[in-house]
Amino acid sequence: MVDAEKGPGPSNAHQQKSSNNNNYEAIGMEAVPNGNSKSTARLITEHEQHDVGFCGAILIGISILLCICFFPLAPFFIIKVVAQYEKAVILRLGCIRKGGAAGPGLFFFLPCVDEIHVVDMRTISFDVPPQEILTKDSVTVTVDAVVYFRIQDAVSSVCNVDNVKTATRLLAQTTLRNMLGTKSLSEILSEREEISNSMQQTLDVATDPWGVLVERVEVKDVRLPQNLQRAMAAEAEAHRDAKAKVIAAEGELNASKALKEAADVIAESPAALQLRYLQTLSAIAAERNSTILFPMPIDMMKAFAGR
């Protein structure tokens, strides 16, 4: 159980980013990096230095007095349960409570003076709507992607941005357009993994002040215009036809060389020609043909022609 009066832990003077081990020392309204950081300092108020003032103390006292007076019913209104995957950011009189985000678990809060923002810390995915992009070589393509991110600093996601999910979604759209606008069509089609990694790093740096960690970005589909698809298909078909003709011509050349060699061998022996002739007749007869063409030797025709 975590008490909102005492906070869930020690002072919030040192902010730690869990994924990148970046420590921050908070001084007034700004945070100074105490280690290697990839982003600018986060604008998180240092709640220990804020005084609620005399009027604030009176309001807190009245809230506590109401809880005591209505004790049998008060627990139903002053107890909050936060799930294991959630964090609760408590604003008391508009200021972050000491200790930062509370939860997970059960904790108390004061009615009328405490405002609770529950933040989901699980990984969130969303589709980037299809974007029409003019590439570097003046080709219009439609590209969509998917982004996976999670909130790792609940206080930053509440204090530094109005709607962290909407802001991340809009930033992903503009980043996709700006990044692919510097690529040619061939680069977009062949370098998807490099584009995804570069986009993930850019988004991670830009959303770091919001307490967001971009885990993965994937380019889903690249759609080309119909006329460009037809032109590319015609080009590919022409390339295949040209390659087939070259292969057929090479086959004819090799066949002619083999026939020439065979003719030279047969010319050296008249008996080889007669054997080839009988082999051809045997092949014709094996096909069960009713008619067999019996060629007459040309020398015999010359003998009749002389008469």
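In case you missed it, the structure is sitting above this.
Residues numbered from 1 in each chain as written. Predicted model: local features only at pLDDT ≥ 70, side-chain atom pairs only at ≥ 80, totals over all residues. Heavy atoms only, no water.

Okay, the packing of aromatic side chains next. Counted under the stated rule, the structure contains one aromatic pair. The side chain of Arg122 reaches across the aromatic face of Tyr85, ending 3.8 Å from its centre. Between Arg169 and the ring centre of Phe126, over which it is positioned, the NZ or CZ distance is 5.0 Å. (Phe/Tyr/Trp six-rings, centres within 6.5 Å; stacked < 30°, edge-to-face > 60°. Lys NZ or Arg CZ within 6 Å of the ring centre and 35° of its normal.)

Taken in spatial order, the three strands of this open sheet run 7-6-9, and their pairing is antiparallel. Either end of the sheet is taken by a strand with one partner, and the two such strands are strand 7 (95-96) and strand 9 (114-120). Relative to strand 9, strand 6 (residues 86-92) is paired through seven bridges, and the arrangement is antiparallel. Looking at strand 9, one finds that Lys87 is bridged to Val119. (Pairing = 2+ DSSP bridges. Helix = DSSP H or I, 4+ residues; strand = E, 2+ residues; numbered from the N terminus.)

To continue, consider helix 4 (residues 164-180). Owing to its 3.6 residues per turn, the α-helix aligns residues three or four sequence positions apart on the same side. Its 17 residues place the ends of helix 4 24 Å apart at the C-alpha level, agreeing with the 24 Å of an ideal helix rising 1.5 Å per residue. Among the residues making up helix 4, those that are buried are Val164, Ala167, Thr168, Ala172, Gln173, Thr175, Leu176, Met179 and Leu180. Check the buried side of helix 4 and you find it contacts strand 10 (124-134), strand 11 (140-151), helix 3 (154-159), helix 5 (185-190), helix 6 (192-207) and strand 12 (212-223). The opening residue of helix 4, the one whose side-chain oxygen lies 3.3 Å from the backbone nitrogen of Lys165, is Asn163. (Expected span 1.5 Å × (residues − 1). Buried < 20%, exposed > 50% of the residue type's maximum accessible area, 1.4 Å probe, protein only. Contact = heavy atoms within 4.5 Å. Polar contact = N/O pair within 3.5 Å; in protein donor to acceptor, adjacent residues only side chain to side chain.)

Here we have three strands laid out as an open sheet, ordered 10-11-12, and antiparallel in their pairing. A strand with exactly one partner marks an edge of an open sheet, and here the two such strands are strand 10 and strand 12. In this sheet, neighbouring strand axes are inclined to one another by 25 degrees on average, regardless of whether the strands run parallel or antiparallel. Both strand 11 and strand 12 contribute to a ladder of ten bridges, which runs antiparallel. The residue bridging Arg150 from the neighbouring strand is Leu213, located in strand 12. Strands strand 10, strand 11 and strand 12 of the sheet are contacted by helix 4, whose axis makes an angle of about 35 degrees with strand 10. In the packing of helix 6 onto the sheet, the strands contacted are strand 11 and strand 12, and the crossing angle to strand 12 comes to about 145 degrees. (Axes fitted to C-alpha atoms, helices over the stretch in contact; angles between N-to-C directions.)

Turning next to the pattern of salt bridges. Taken as a whole, this structure holds seven salt bridges when the rule is applied. Among the salt bridges present, the one from Arg122 reaches Asp120, with a minimum N-O distance of 2.9 Å. As a salt-bridge pair, Arg223 and Asp221 come within 3.3 Å of each other at their nearest N and O atoms. A relative accessible area of 36% means that Arg223 is categorised as partly exposed. (Salt bridge = Lys/Arg side-chain N within 4 Å of Asp/Glu carboxyl O.)

Counting 37 residues, the largest nonpolar core has Val141, Val143, Val147 and Leu176 as its most contacted members. Elements with a contribution of two residues or more to this core: strand 6, strand 10, strand 11, helix 3, helix 4, helix 5, helix 6 and strand 12. Discounting residues that sit within four places of it in the chain, Leu176 has contacts with Val128, Gln131, Ile133, Val143, Ala145 and Met199. Listed in part, the five residues of the second largest apolar core include Val82, Ala88, Ile90 and Phe107. (Core = buried A, V, L, I, M, F, W, Y, C linked by side-chain atoms within 4.5 Å.)

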